[in-house]
Amino acid sequence: MSLRTLALVSGVYDLLLGLPMLLAAPQVARLFGAPEPMPVVNAWLNGVFALSLAGGYFWAARDTGARRGYVWAAGVFGLIWNGYGAYDYFMSKTGGEAYLRSVGMTDAAIAHLNAMPFWMTAVWATGVWGAVLGTVLLLLRNKLAVPVFIASLAAFVISVVYSVLIEPAPHG
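About the criteria used
- Residues numbered from 1 in each chain as written.
- Predicted model: local features only at pLDDT ≥ 70, side-chain atom pairs only at ≥ 80, totals over all residues.
- Heavy atoms only, no water.
- 1 Å grid on protein atoms, 1.4 Å probe; cavity = no way out; pocket = protein on both sides within 12 Å on 5 of 7 lines; lining within 4 Å.
- Points joined across faces, edges and corners; volume = space filled by probe spheres on them.
- Helix = DSSP H or I, 4+ residues; strand = E, 2+ residues; numbered from the N terminus.
- Nonpolar A, V, L, I, M, F, W, Y, C, P; charged D, E, K, R; others polar.
- Phe/Tyr/Trp six-rings, centres within 6.5 Å; stacked < 30°, edge-to-face > 60°.
- Buried < 20%, exposed > 50% of the residue type's maximum accessible area, 1.4 Å probe, protein only.

(A) Geometry of the layout of surface pockets. If you add up the space inside the largest pocket, you get close to 1700 Å³. If you go around the largest pocket, you meet 41 residues; those closest to its centre are Phe32, Ala34, Tyr84, Asp88 and Trp124. Elements with a contribution of two residues or more to the lining of the largest pocket: helix H1 (3-23), helix H2 (25-31), helix H3 (40-62), helix H4 (68-94), helix H6 (107-114), helix H7 (118-139) and helix H8 (145-166). Broken down by element, the residue count for the lining of the largest pocket peaks at seven residues, all from H4. Of the residues assigned to the lining of the largest pocket, the class counts are 29 nonpolar, 11 polar and one charged.

Here's what the structure looks like:
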């Protein structure tokens, strides 16, 4: 697996995650039954951050020999970014309703989350922990980073389909 391929896959991954945060943050939050980001500028900044990483990965992919340092630096930032997702997943599973309320979830949203079937929890875990593992593998320049990132992104897509078509999350 070439560093160029890893950079391109990482760029696509961050592009597909950053665009919705920047262009439709309130709608994405409602899609998952989460409160709208307040202030919305925080979500926009997260979107800009992800898109900046994506742009950098695409730039680095053009000449990986000369831009190898960028891929490493972006991987470190990506690990911090995805590490927060892992923290949120862990706290959502272990912190109980106190944590969920602290991040602004309503009673209806908490009930929806608690009623999620096991297979959907597995999809959520795959998305979150796959992103962390994919980033670690990227930093190690391991060829498994690409399929792990693809699995993580597929899990995100399944989560969206579930939240829109199968079991829409309550708003608010």
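(B) Region of interest: the packing of aromatic side chains. Scanning all chains against the criterion turns up 10 aromatic pairs. Aromatic side chains Tyr87 and Tyr99 sit 6.3 Å apart centroid to centroid with 90° between the ring planes, which places their arrangement in the edge-to-face category. With Tyr87 in helix H4 and Tyr99 in helix H5 (residues 96-102), this residue pair connects regions lying 12 residues apart in the sequence. Overall, Tyr99 belongs to the buried group, its relative accessible area being 8%. Relative to Trp129, the ring of Tyr89 lies with its centre 6.2 Å away and its plane at 85°, an arrangement referred to as edge-to-face. Here Trp129 lies in helix H7 and Tyr89 lies in helix H4, a separation of 40 residues in the sequence. Tyr89 sits in the buried class, given a relative accessible area of 13%.

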